[in-house]
Amino acid sequence: MPPLSPSSPSSPSPLSYDAVVAVLRAAGCVFAEDEARLILATARTPDELAAMVDRRITGLPLELVVGWAEFRGLRIAVEPGVFVPRRRTEFLVEQALSLAPDAAVVVDLCCGSGAVGAALAAALGSNGRVELHAADIDPAAVRCAHRNVAPYGGRVHAGDLFQALPGSLRGRVGILAANVPYVPTDEVGMLPPEARDHEPRVALDGGPDGLDVLRRVAAEAPRWLAPGGCLLIETSERQAPTALEAFGDSGLSARLAASEERYATVVVGLSRP
């Protein structure tokens, strides 16, 4: 998985950079210049370029148009029907690395594309061998995640939360990252069309108050964490107090971490040493 490298607005296609920018801008793409560069750098033929531009102006997310998303300097493969990793989730990765810089066992639960697990393994790999596991209930996510974690020797498991994991991981997990769905059911329809229309509902809908899956993960996490291991889950600022209670009820030492710059809120739970 190569690190992201800069691209230039050049292509063998007769469609120029300026022409692509104009088409994207007319379709309402706010960052038309940046998107044009990525599309032009990705398209291999004029026909492919035209098809990619057509897909973008009809509303397909840019990441699905080009087939990858940038996440902590990595190109994470994505495909239709799989949750696209958000840049704000990089904050969760950074928090995990600050808490467990020598973690030997990493689990990416509700992994989607596997971006969080891949980023953690990439950062921790220099400190020694990392045992990476990822899990998701969605077969499309499992297939996609395998592409992203395989370069780090990661294994991907299909199933519902912890039921998907090998029992041998109980009590051994140093970093448990769970990017659970946390949109309240009644608010899913209010999401931007790129999420609402192109991402699986199972990756978005967190139940009546958005915290159903978070509560399930927090309740069972202590059985899987190593002494001093950490659980990290992204949530919203509004939900944070209730999420903290759920972590505390499970016996974890809980706190919040927030980044105003990235609009990110992460609940952090530490197991007893």
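The structure under discussion appears in the preceding block.
Scope of this entry: the structure provided in the associated data block. (Residues numbered from 1 in each chain as written. Predicted model: local features only at pLDDT ≥ 70, side-chain atom pairs only at ≥ 80, totals over all residues. Heavy atoms only, no water.)

## Let's talk about the packing of helix α1 (residues 17-26) against helix α2 (residues 32-42)
Axis separation between α1 and α2 bottoms out at 9 Å; the angle between their running directions is 125°. Between α1 and α2, the angle falls in the class oblique. As for how α1 packs across α2, the hand of that crossing is right-handed. Counting all contacts with α1, which are made through Tyr17, Val20, Val21, Leu24 and Arg25, the residues of α2 involved are Ala32, Glu33, Glu35, Ala36, Arg37, Ile39 and Leu40. Here the contact of α1 with α2 is composed, by residue class, of eight nonpolar, no polar and four charged. (Axes fitted to C-alpha atoms, helices over the stretch in contact; angles between N-to-C directions. Helix = DSSP H or I, 4+ residues; strand = E, 2+ residues; numbered from the N terminus. Parallel < 35°, antiparallel > 145°, perpendicular 65-115°, else oblique. Left-handed = near helix turned anticlockwise from the far one by under 90°. Contact = heavy atoms within 4.5 Å. Nonpolar A, V, L, I, M, F, W, Y, C, P; charged D, E, K, R; others polar.)

## Considering the pattern of salt bridges
Counting across every chain of the model gives 17 salt bridges. Across the pair Asp34 and Arg37 runs a salt bridge whose closest N-O atoms are separated by 3.2 Å. Pair noted here: Asp34 and Arg37 are both in helix α2, with a separation of three residues, about one helical turn. A residue is classified by how much of its surface remains accessible, and Asp34, at 45% relative accessible area, is partly exposed. (Salt bridge = Lys/Arg side-chain N within 4 Å of Asp/Glu carboxyl O. Buried < 20%, exposed > 50% of the residue type's maximum accessible area, 1.4 Å probe, protein only.)

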